[in-house]
Amino acid sequence: MTRLMDRPSTQAIAQARERFARRHRRRRALLGLFTTVVICAALVFAAAVTVAQPQWITDDAMAPTLEAGTLVLYSSWNYAPARGDVVVSTVESPEGGMLVRRIIGLPGETVQVSGGAVYINGELLESDIYGLEPMTGAGEAADPITLGPDEYFVLGDNRNHSSDSRDPSVGVLHREELIGKAWVRIYPFDKMGVIRHE
């Protein structure tokens, strides 16, 4: 039989309940924090996969804009190709890695390279300010190339040292081969910044 003196006091019971309640609140707070961290990490991962992905530049075809060894972020989310965009494509660069070039010709246009300059539908492309120097080789574009409804003509900014749509090994790119627009240079750190587009 329990004696009256062995029973815990009301104050001791209240303190025990308060300790239990504090531990329970702490566990709930930690669980809430853990859940929030997991959800945030999942959202950041989803955003990184759909909004910005890294790509190393493997050649100097885009110099001086992008040189070999440069790391860029490109976005494929809701991307609509436009003239002047620096695009990452699924086509493999002759130096390895994905081909990164600038869009010059759009679907339905006729592109030709003549006298070191680009002509679109017979008119000189005056906004073509990115070429490092006049082109010495027109390649496949010596004759007019009329682009199909999903075809794009691309050039490297380093025109005389670039495998691009003038080269039969690359040719024109199809829309499904353009996976995103390169929008920021993140390495080397001293050249970090937004990539200039038209």
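Our subject in this report is the structure included herewith. All figures in this text were calculated on a predicted structure; none of them were measured in a lab.

## Looking at the overall build of the protein chain
- Looking only at helices and strands, one finds one helix and 12 strands in the protein chain.
- Ordered by position in the sequence, the α and β elements of the protein chain form the string α-β-β-β-β-β-β-β-β-β-β-β-β.
- Residue pairs in contact within the protein chain that sit at least 24 positions apart in sequence constitute 61% of those at least 6 positions apart.
- Just so you have it, the protein chain exposes about 11800 Å², and 59% of that area is on carbon and sulfur atoms.

## Thoughts on the side chain of Ser-163
- When you line up the elements, Ser-163 lands in the loop between strand S9 (151-155) and strand S10 (173-174).
- On the basis of relative accessibility, which here comes to 17%, the residue Ser-163 falls in the buried class.
- Apart from the residues lying within four places of it in its own chain, the contact partners of Ser-163 are Pro-94, Leu-99, Arg-101 and Val-170.

## Structural notes on the sheet that holds strand S7 (residues 123-124)
- In space, the four strands of this open sheet follow the order S7-S6-S5-S8, with antiparallel pairing throughout. Edge positions in the sheet fall to S7 and strand S8 (145-146), since each has one partner strand and no second.
- One ladder, built from two bridges, connects strand S6 (residues 117-120) with S7; its direction is antiparallel. Across the sheet, the residue bridging to Ile-120 is Glu-123, located in S7.

## Remarks on the pattern of salt bridges
- In the structure shown here, the tally under the stated rule is six salt bridges.
- Note that Glu-67 is salt-bridged to Lys-191, the shortest N-O span being 3.3 Å. Note that Glu-67 is positioned in the loop between strand S1 (53-56) and strand S2 (71-75) and Lys-191 in the loop between strand S11 (178-187) and strand S12 (193-194), a separation of 124 residues in sequence.
- Overall, the relative accessible area of 32% leaves Glu-67 in the partly exposed class.
- One salt bridge connects Arg-102 with Asp-157, and the closest N-O pair in it is separated by 2.9 Å. Note that Arg-102 is positioned in strand S4 (residues 98-105) and Asp-157 in the loop between S9 and S10, a separation of 55 residues in sequence.

## Some points on the packing of aromatic side chains
- For the coordinates displayed, the defined rule picks out two aromatic pairs.
- With centroids separated by 5.9 Å and ring planes inclined at 70 degrees, the aromatic side chains of Trp-56 and Tyr-187 adopt a geometry described as edge-to-face. Note that Trp-56 is positioned in strand S1 and Tyr-187 in strand S11, a separation of 131 residues in sequence.
- Relative accessible area serves as the criterion here: at 45%, Trp-56 is assigned to the partly exposed category.
- With a relative accessible area of 37%, Tyr-187 lands in the partly exposed category.
- Where Tyr-187 meets Phe-189, the ring centres are 5.2 Å apart and the plane angle is 90 degrees; that geometry is what we call edge-to-face.
- On the basis of relative accessible area, Phe-189 is assigned to the exposed category, the value being 61%.
- The structure contains a cluster of three or more aromatic residues connected by ring pairs, namely Trp-56, Tyr-187 and Phe-189.

## Some details on the environment of Pro-144
- Locating Pro-144 in the fold gives a position in the loop between S7 and S8.
- Separated by 23 residues in sequence, Pro-144 and Asn-121 have C-alpha atoms that sit 8.8 Å apart.
- Other than its neighbours up to four places away in sequence, Pro-144 contacts Thr-110, Val-111 and Gln-112.

## Focus: a positive patch on the surface
- A surface patch of positive charge is lined by Arg-19, Arg-22, Arg-23, Arg-26 and Arg-27.
- Within the secondary structure, Arg-19 is located in helix H1 (residues 10-50).

Parameters at a glance
- Residues numbered from 1 in each chain as written.
- Predicted model: local features only at pLDDT ≥ 70, side-chain atom pairs only at ≥ 80, totals over all residues.
- Heavy atoms only, no water.
- Helix = DSSP H or I, 4+ residues; strand = E, 2+ residues; numbered from the N terminus.
- Contact = heavy atoms within 4.5 Å.
- Areas by Shrake-Rupley, 256 points an atom, 1.4 Å probe, with all protein chains shown as cover.
- Buried < 20%, exposed > 50% of the residue type's maximum accessible area, 1.4 Å probe, protein only.
- Pairing = 2+ DSSP bridges.
- Salt bridge = Lys/Arg side-chain N within 4 Å of Asp/Glu carboxyl O.
- Phe/Tyr/Trp six-rings, centres within 6.5 Å; stacked < 30°, edge-to-face > 60°.
- Patch = residues over 30% accessible without salt bridge, like charges linked within 9 Å, V, L, I, M, F, W, Y side chains within 5 Å.
- Lys, Arg positive; Asp, Glu negative; His and termini not counted.
- Charge placed at Lys NZ, Arg CZ, Asp CG, Glu CD.

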